Amino acid sequence: MKSLIGAFVGAFCLAAPALAETPAAIVEDVQGKVDGIAFMDYVAPGKIIKLGPKASITLSYLRSCQRETISEGVVLVGAEQSTVQLGEVKREKVPCDTNAAKLSEREANQSAATTFRTMRSDAKGAPAKLPTLYGVAPLVQAKSGSTLVIERTDGKEPTISIPLRNDNMIGGKFYDFAKAGKSLTPGGSYLAILGAKRYAFQVDASATSSSTPIVGRLLRLE
């Protein structure tokens, strides 16, 4: 079996493209022995993951909204889904918005009023859909040591102010509203404020407090 895995890894290495800086997926769960990979790690296209006996990993792809649970074998991370040898993979398409997963520099550097106005209309002046989260408890990627402020923009709701610290963040990089027992309102529009950065987004009207895949509630502000 080891020789077969070695052969497959060699073949993957020859076929894999050069590692990209932009992540393709986020690691949503790890079970058993999986070397070099941890919960909430980003993985880029071309990354090879070897799963030990009875080990499994769950990957959520940022661009395709594909969620994969892979058991054992060898995994080659792709741009929108994985290639798996000597293992099993279960795939499901989950609700997610790729625009919510990555904040652009243009949006980040605008003032609050300009950001909200720009996001509310497209180039022709027609109403534009705000980046959407499909869970009421966002998972926010930001730097510790800063303060995250969430303001409701389409109604009255108490402003949420969160000092981001290593002791209340996952790996010092992610603040999980669900873990903190905080939530937003389904159908609401919001502004996330992080220092000089402003980011407008909305929560889907059908969002619930039930367990939601990470990729459907991820806001990458850093």
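All of these numbers come straight from a predicted model, not from anything done at the bench.

Reading the values: rules and limits
Residues numbered from 1 in each chain as written. Predicted model: local features only at pLDDT ≥ 70, side-chain atom pairs only at ≥ 80, totals over all residues. Heavy atoms only, no water. Pairing = 2+ DSSP bridges. Helix = DSSP H or I, 4+ residues; strand = E, 2+ residues; numbered from the N terminus. Axes fitted to C-alpha atoms, helices over the stretch in contact; angles between N-to-C directions. Core = buried A, V, L, I, M, F, W, Y, C linked by side-chain atoms within 4.5 Å. Buried < 20%, exposed > 50% of the residue type's maximum accessible area, 1.4 Å probe, protein only. Contact = heavy atoms within 4.5 Å. Salt bridge = Lys/Arg side-chain N within 4 Å of Asp/Glu carboxyl O. Phe/Tyr/Trp six-rings, centres within 6.5 Å; stacked < 30°, edge-to-face > 60°.

**Q** Which parts of the structure should I look at to understand the sheet that holds strand E11 (residues 174-176)?
**A** Across a sheet, paired strands are connected by hydrogen bonds in the backbone, their directions being either parallel or antiparallel. If you walk across this open sheet you meet the 3 strands as E11-E8-E14, and the pairing is mixed. Of all strands in the sheet, those with a lone pairing partner are E11 and strand E14 (218-220), marking the two edges. Adjacent strand axes in the sheet meet at a mean angle of 15 degrees, parallel and antiparallel pairs treated alike.

**Q** What is the right way to look at the pairing of strand E1 (residues 25-31) in this model?
**A** Consecutive residues of a regular strand have side chains that alternate between opposite faces of the sheet. As paired elements, E1 and strand E2 (residues 42-43) share 2 bridges and run antiparallel to each other. Bridge pairing in E2 links Ala25 to Val43. Both E1 and strand E3 (residues 48-61) contribute to a ladder of 6 bridges, which runs antiparallel. Bridge assignment links Asp29 to a residue of E3, and that residue is Thr58.

**Q** Explain the nonpolar core to me, please; I cannot follow it from the model alone.
**A** Looking at soluble globular proteins, one finds that nonpolar side chains tend to be buried together. Formed by 24 residues in total, the largest nonpolar core has its most connected members in Leu148, Ile150, Leu164, Phe177, Leu184 and Phe201. For this core, the secondary-structure elements that each account for two or more residues are strand E9 (147-152), strand E10 (160-163), strand E12 (189-194) and strand E13 (197-203). Not counting residues within four places of it along the chain, the set of residues in contact with Leu164 comprises Ala142, Lys143, Ser144, Gly145, Ser146, Leu148, Met169, Tyr175 and Leu194. Listed in part, the 16 residues of the second largest apolar core include Ile37, Ile49, Leu51 and Val75.

**Q** Can you walk me through the pattern of salt bridges in this structure?
**A** Opposite charge on two side chains allows them to pair when their charged atoms are near. Inspection of every chain in the model, using the stated rule, returns 9 salt bridges. The closest approach of N and O atoms between Arg91 and Glu68, which form a salt bridge, is 2.8 Å. Placement of Arg91 in strand E6 (residues 88-93) and of Glu68 in strand E4 (residues 66-76) is noted, with a sequence separation of 23 residues between them. Judged by relative accessible area, Glu68 falls into the buried class, the value being 0%. A salt bridge links Arg217 to Asp176; its shortest N-O distance comes to 2.9 Å. Taken as a pair, Arg217 in the loop between E13 and E14 and Asp176 in strand E11 lie far apart in primary sequence, 41 residues in all. Considered together, Arg217 and Asp176 belong to a single accessibility category, that of buried residues. Taken together, the shared-partner salt bridges connect Glu28, Arg67 and Glu92 into one network.

**Q** Honestly, the packing of aromatic side chains in this entry has me stumped. Any pointers?
**A** Given two aromatic rings, one states the distance between the centres and the angle between the planes to describe the pair. Inspection of the entire model under this criterion finds 3 aromatic pairs. Their ring planes at 55 degrees and their centres at 6.1 Å tell us that Tyr42 and Phe174 sit as a pair that is tilted. Here the residue Tyr42 occupies a position in strand E2, and Phe174 occupies one in strand E11, the gap between them amounting to 132 residues. According to the relative accessible area criterion, Tyr42 is partly exposed, its value standing at 22%. Ring geometry for Tyr175 against Phe177: centres 5.5 Å apart, planes inclined by 90 degrees, an arrangement best described as edge-to-face. Here Tyr175 and Phe177 have matching classes, each one buried.

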